[in-house]
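One-letter residues, chain by chain:
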Amino acid sequence: QVQLVESGGGLVQAGGSLRLSCAASGSILRINVMGWYRQAPGKQRELVATIISGGSTTYADSVKGRFTISRDNAKNEVYLQMNSLKPEDTAVYYCNSNIITTIGSSQRYWGQGTQVTVSS
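Below: a short report on this structure. As the structure is a computational prediction, the values presented were derived from the model and not from experiment. (Residues numbered from 1 in each chain as written. Predicted model: local features only at pLDDT ≥ 70, side-chain atom pairs only at ≥ 80, totals over all residues. Heavy atoms only, no water.)

1. Concerning the state of the cysteines
Part 1: The full count for this structure, using the stated rule, is one disulfide.
Part 2: Paired by a disulfide, Cys22 and Cys95 hold their sulfur atoms 2.1 Å apart. Across the S-S bond of Cys22 and Cys95 the torsion is about -80 degrees, and the bridge reads as left-handed. With a gap of 73 residues between them, Cys22 in strand β3 (residues 18-25) and Cys95 in strand β9 (residues 91-102) connect regions that are remote in the sequence.
Part 3: Judged by relative accessible area, Cys22 falls into the buried class, the value being 1%.
Part 4: With relative accessibility at 0%, the residue Cys95 sits in the buried group. (Disulfide = S-S within 2.5 Å. Helix = DSSP H or I, 4+ residues; strand = E, 2+ residues; numbered from the N terminus. Buried < 20%, exposed > 50% of the residue type's maximum accessible area, 1.4 Å probe, protein only.)

Take a look at the structure:
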């Protein structure tokens, strides 16, 4: 019943910007934490940023000062503003969240991913 859908990926040159969006839909009671992961070819998936319902955020060292995560709790959406993009940011970006659908029932959901390619 719950689905996460990312959008906003694309091709951009180094130094450019992109804004990723993730919309959660379905039978959602509560979303405590939403985050963005990324996976480059041949590399492990890594955590990029997280945000809790109260607004506190965390970032990977590699993106601090360049990326900003935010969320709209009323819309069940999370965003990732990416500035000063570098070729090493190239990856498939995934939205992730642990979602409470009913009391005593929770599950970690993943979006399908959106490709971000940064050319040098």
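Further notes follow.
2. Some details on the nonpolar core
Part 1: With 29 residues, the main nonpolar core has Trp36, Val48, Phe67, Val78, Leu80, Met82 and Tyr93 as its most contacted residues.
Part 2: With residues up to four places along the chain from it excluded, the contact list for Met82 reads Gly16, Ser17, Leu18, Leu20, Arg66, Phe67, Tyr93 and Val116. (Core = buried A, V, L, I, M, F, W, Y, C linked by side-chain atoms within 4.5 Å. Contact = heavy atoms within 4.5 Å.)

3. Concerning the sheet that holds strand β8 (residues 77-82)
Part 1: Taken together, the four strands give an open sheet; going across it, the order is β1-β3-β8-β7, and neighbouring strands pair in antiparallel fashion. One side of each edge strand has no neighbouring strand; the edge strands of this open sheet are β1 (3-7) and β7 (67-72). Adjacent strand axes in the sheet meet at a mean angle of 15 degrees, parallel and antiparallel pairs treated alike.
Part 2: As judged from the five bridges shared by β1 and β3, these two strands associate in the antiparallel manner. For Ser7, the partnering residue across the bridge sits in β3 and is Ser21. (Pairing = 2+ DSSP bridges. Axes fitted to C-alpha atoms, helices over the stretch in contact; angles between N-to-C directions.)

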